[in-house]
Amino acid sequence: MLFVYGTLQDADVLGAVLGRPIDVAGLRRALAPGFRAVAYPGRVYPALVAADLDTAPGLLLDRLSPLDMAVLDAFEGEEYRREAITVLAGGARHLAGAYLPVAAIAAATPAWSLAEWTARHKPLVLGRETDMTTTLRQRLSARPAH
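Parameters and conventions
Residues numbered from 1 in each chain as written. Predicted model: local features only at pLDDT ≥ 70, side-chain atom pairs only at ≥ 80, totals over all residues. Heavy atoms only, no water. Helix = DSSP H or I, 4+ residues; strand = E, 2+ residues; numbered from the N terminus. Rg over C-alpha atoms; globule rule 2.2 N^0.38 Å. Buried < 20%, exposed > 50% of the residue type's maximum accessible area, 1.4 Å probe, protein only. Contact = heavy atoms within 4.5 Å. Areas by Shrake-Rupley, 256 points an atom, 1.4 Å probe, with all protein chains shown as cover. Salt bridge = Lys/Arg side-chain N within 4 Å of Asp/Glu carboxyl O. Polar contact = N/O pair within 3.5 Å; in protein donor to acceptor, adjacent residues only side chain to side chain. Pairing = 2+ DSSP bridges. Phe/Tyr/Trp six-rings, centres within 6.5 Å; stacked < 30°, edge-to-face > 60°.

Q: Explain the overall build of the protein here, please?
A: A count of helical and extended segments in the protein gives 4 helices and 5 strands. Helices and strands appear in the protein in the N-to-C order β-α-β-β-α-β-β-α-α. Relative to its length of 146 residues, the protein is compact, with a C-alpha radius of gyration of 15 Å against a globular reference of 15 Å. The dimensions of the protein, computed from C-alpha atoms along their principal axes, are 45 × 35 × 30 Å. For the protein, with 146 residues in total, the buried portion stands at 41%. Restricting the contact set of the protein to residue pairs at least 6 apart, pairs at least 24 apart contribute 70%. Accessible surface, the protein as shown: approximately 8,000 Å² in total, 57% of it carbon and sulfur.

Written out as structure tokens, the structure is:
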């Protein structure tokens, strides 16, 4: 399982990254208690940081293939590391991967908003991400299995 809290909550972005249409009705809303989505300094996307009194909203993804995870890891790049966190979805606790920033980012950094990102940045970012992830999927699917 993977908890996403930023641009990957957008069905168009997630579909572009995974290379397939996303059934929005099949996505599960989730919460990450003890975390907050903040603006990644100098970027238009967020970082998930520890914040004891906050809860970050997002989605819980499952049924991801090894290729999906490889593409997601490459998409997130070296600015993030995938770590297990506890999230709440459907009234239950789940252990899920989440992309946390490698850089130290203060919890007091301004909050990040999917609605604001959608209004201000999505049209410009979506085309670039679609092209980049198509190339990533092609390159990663051509690798021999480990």
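Q: Explanation requested: the pattern of salt bridges in the structure shown.
A: Note on pairing: side chains with opposite charge can pair once their charged atoms come close. Per the counting criterion, the structure on display carries 10 salt bridges. With its nearest N and O atoms 3.1 Å apart, the salt bridge here joins Arg120 to Glu116. One end of the pair, Arg120, and the other, Glu116, are both in helix α3 (residues 114–120), 4 residues apart, so they sit about a helical turn from each other. For Glu116, a relative accessible area of 44% translates into the label partly exposed.

Q: I would appreciate a short explanation of the environment of Lys122 in the present structure.
A: Along the chain, the position of Lys122 falls in helix α4 (residues 122–141). In the structure, Lys122 is positioned 78 residues away from Val44 in sequence and 9.6 Å away in space, judged by C-alpha atoms. Leave out the neighbours within four places in its chain, and Lys122 touches Asp10, Asp12 and Trp117. Engagement of the side chain of Lys122 in a polar contact is seen with the side chain of Asp10, the distance being 2.9 Å. One polar contact links Lys122 to Asp12, side chain to side chain, over a distance of 2.6 Å.

Q: Teacher, can you tell me more about the pairing of strand β5 (residues 92–101) here?
A: Both faces of the sheet carry side chains from a regular strand, because those side chains alternate between them. Burial runs high along β5: 7 of the 10 residues are buried. For strand β1 (residues 2–4) and β5, the ladder comprises 2 bridges, and the chain directions are parallel. When the bridges of β5 are listed, Phe3 appears paired with Ala98. One ladder, built from 10 bridges, connects strand β4 (residues 80–89) with β5; its direction is antiparallel. Pairing of Ile85 across the sheet is with Ala96, part of β5. Between the end of β4 and the start of β5, which pair antiparallel, lie 2 residues, with Gly90 showing a positive phi angle near 60°.

Q: Would you mind showing me how to read the packing of aromatic side chains here?
A: Each aromatic ring pair is described using two quantities: the centre-to-centre distance and the angle formed by the ring planes. For the structure shown, the criterion picks out 4 aromatic pairs. Taken together, the ring pairs in this structure connect Tyr40, Tyr45 and Tyr80 into an aromatic cluster.

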